[in-house]
Amino acid sequence: MKDSSSVIFSSVDQVKLENKPHLMVNSADVQAMLDRYQFSEDARQILVKEKLLPLGLLSRLQAAYPQHSGLLETKPFLFKVASNYAGLDGFRRVCAILKENGIQLSQIKEREFYIEVYRFLATSHSLNSINWDSYATDSVYQLVLPQPGMIAAEPTAAYVSAASAEERARIVAEYTEKTNPHDGNQQLNKPWFENENGEVEFLEGSQHKYPQCQLVFDTSTQNCFSFCTYCFRHAQVRGDEDMFLQKDITQLHNYVKQHPEVSDLLITGGDGGFMPANRFEQYIRPIIEDPALGHIRNIRLGTRSLTFHPEMILSSKYDQMLELFDLLYENGIQMAWMAHFSTPRELLNPRTLAAIRRLKAHGVMLRSQSPIMNHISLFTDENGEVDVDKSAQSWIDLANILAMLGIGFHSMYAARPTGEHHYFAAPLADIERVFSKIYNALSSINRPSRHISMTISAGKLAILGTSVIDGEKCFALQFTEGRNMEWMNRVFHAKYDEQKNKIDLLLPFDTEKYFFEEELNEIETRLADVLRRRLA
């Protein structure tokens, strides 16, 4: 039998990159990648059959972005492939493995306080994506491992100095109550309807805030492959009492039948990638077959599996899900894979690249909703200020890599006011400067489809840029989604501020209130009243 790499790659092994022959990727390089990443025999056969790692693509990516790429790295991984590390025990195992390899993390108790409040979970793939030779400034390290300073100094000091496990548990419980897991009045978004018996049914695992899109927090998607340190869905992953949890799929279909304005179902969590194929089929089969659900045109899957666990897709066990994606495509329903890439490093490895190409071969439209977070995708200079040029260049590189892979750059969004917002947020003025540099540098088809997005109870707001009115500088704002969709038609202004890091801290430019505030209050009051009456 021929070597699998030669079967895949021999036809394009003559790729030449002028002036950069040392950055060519050849068949031997690919074989080394597969060995280093410990691809299973099943995955290797899939690569052969479906030609998922063409040398032309690998060579072009390596030549263009060697500073971000892990494709030609040869250093052995520290973490055993296909292992997961969960909770305090998992974190301590990670620390022990690092120590065995000469890496000693500091301030362990501070990090453990964060884990007790928010939880910890990491895959071997995410941990092996970190450049451990310079881990302190590595974006993926900041993304998956808790850092000193994430939680404010006073409660952290109390936890570290606590004399007993009972006292630490009390401090954790008290602080957990302050973490605001439902920013933007999310509980008001919980939909209800009257069934055929005239009884009121609440959808405990859904949100329906904007007319076209309904969020579904399915019972099967309440976990993640790795936990992001900036997570704004921590109520879901730690199992809070007020988490959203959709158990009854028929109930959701019955609700949607009464709401023809809904065109999109967004399956999220946790991580939508956790949904097994048989559960996914229960959602989509009636949408395909029942004319009363014909207004559903898009199924979105919100998942970071391409960053944290791409090997899931490179398995024959995933074929059943791919067949369902084919079925959607054949029936004119868009299957949109909503990924969350915020660093080029997340993409430039053989597992993720092959998984992306496998999904695309089955009619899946991939898009990236990208969080712009301090310490991860925003970088600071020696003075602690946002380094606009360095930050923007990383995003420009990311956008161009997404384009090379056929992934739509859907949007960039700022830190939501939940969790440890102070650690990940940056002044909106700095973010606007970074975004402007990104937008101006990219071709029109590679740009984000929206300006910087920020979520508040009223909807999603974008900073379009800055204006000067009567000699005074101000931010120009516009809704991209709203509790009243007519708000989207209006551009309005906020006073310019160099320090504010939340959109709802910005003051109206030339009025006492924003134009939508009174109507928003009426909408929220009405929703709250209806919920109280229906619950009674």
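The rules behind the values
Residues numbered from 1 in each chain as written. Predicted model: local features only at pLDDT ≥ 70, side-chain atom pairs only at ≥ 80, totals over all residues. Heavy atoms only, no water. pLDDT = per-residue confidence, 0-100. Contact = heavy atoms within 4.5 Å. Helix = DSSP H or I, 4+ residues; strand = E, 2+ residues; numbered from the N terminus. Buried < 20%, exposed > 50% of the residue type's maximum accessible area, 1.4 Å probe, protein only. Disulfide = S-S within 2.5 Å. Axes fitted to C-alpha atoms, helices over the stretch in contact; angles between N-to-C directions. Parallel < 35°, antiparallel > 145°, perpendicular 65-115°, else oblique. Left-handed = near helix turned anticlockwise from the far one by under 90°. Nonpolar A, V, L, I, M, F, W, Y, C, P; charged D, E, K, R; others polar. Core = buried A, V, L, I, M, F, W, Y, C linked by side-chain atoms within 4.5 Å. Phe/Tyr/Trp six-rings, centres within 6.5 Å; stacked < 30°, edge-to-face > 60°.

## Looking at the confidence of the model for the protein
The predicted model of the protein has a mean per-residue pLDDT of 92, with 94% of residues at 70 or higher. Note on residues 1-18: pLDDT under 50 across the span, and 31 contacts to partners over four residues away in sequence or across chains.

## Overview of unusual backbone geometry
Glycine aside, negative phi is the norm for most residues, and most peptide bonds take the trans geometry. The phi torsion at Gln-107 lies on the positive side, around 50°, for a residue other than glycine. You can see Gln-107 is positioned in the loop between α5 (87-100) and α6 (108-118). Even without a glycine there, the phi angle at Arg-119 is positive, about 85°. Among the secondary structure elements, Arg-119 is positioned in the loop between α6 and β2 (121-123). For Arg-119, a relative accessible area of 34% gives the class partly exposed.

## Section: the environment of Met-24
Along the chain, Met-24 falls in the loop between α1 (4-9) and α2 (27-36). Spatially, the C-alpha atoms of Met-24 and Ala-64 are 11 Å apart, while their sequence positions differ by 40 residues.

## Details of the side chain of Gln-214
In this fold, Gln-214 is placed in strand β6 (residues 213-217). Setting aside anything within four residues of it in sequence, one finds Gln-214 in contact with Pro-191, Leu-203, Ser-206, Gln-207, His-208, Leu-252, Tyr-255, Val-256, Val-262, Asp-264, Leu-265 and Leu-266.

## Section: the state of the cysteines
One pass over the structure, following the stated rule, counts 0 disulfides. For the unlinked cysteine Cys-228, the closest cysteine sulfur is that of Cys-231, found at 6.7 Å. Cys-228 gets classed as buried once you look at its relative accessible area, which sits at 14%.

## Here we look at the packing of helix α13 (residues 277-289) against helix α15 (residues 319-330)
Between α13 and α15, the least distance of the axes is 10 Å, while the angle of their chain directions is 15°. With respect to each other, α13 and α15 are oriented roughly parallel. Handedness of the crossing formed by α13 with α15: left-handed. Here Ala-277, Asn-278, Phe-280, Glu-281, Ile-284, Arg-285 and Ile-288 of α13 lie close against α15, whose contacting residues are Gln-320, Met-321, Leu-324, Phe-325, Leu-327 and Leu-328. For the contact of α13 with α15, the per-class residue count stands at 9 nonpolar, 2 polar and 2 charged.

## Re the nonpolar core
Among the nonpolar cores identified, the biggest contains 148 residues, and Leu-145, Phe-280, Ile-299, Leu-306, Phe-325, Trp-337 and Leu-359 are the most heavily contacted of them. When residues in this core are grouped by element, the largest group, 8 residues, is from helix α17 (residues 388-404). Apart from residues no more than four positions distant in its own chain, Leu-306 is found in contact with Ile-313, Trp-337, Ala-339, Phe-341, Glu-346, Thr-352, Ala-355, Ile-356, Leu-359 and Leu-366.

## Looking at the packing of aromatic side chains
Inspection of the entire model under this criterion finds 32 aromatic pairs. When the centroid spacing of 5.0 Å and the interplanar angle of 80° are considered together, the rings of Tyr-423 and Phe-424 count as edge-to-face. For Phe-424, a relative accessible area of 2% puts it in the buried group. Note on Phe-492 and Tyr-514: the rings are 5.6 Å apart at their centroids and 70° apart in plane angle, and the pair reads as edge-to-face. In this pair, Phe-492 sits in strand β15 (residues 491-495) while Tyr-514 sits in the loop between β15 and α20 (517-535), placing the two residues 22 residues apart along the sequence. Among the residues examined, Phe-492 registers a relative accessible area of 7% and is labelled buried. Among the aromatic residues, those joined into a cluster by ring pairs are Phe-479, Trp-487, Phe-492, Tyr-514, Phe-515 and Phe-516.

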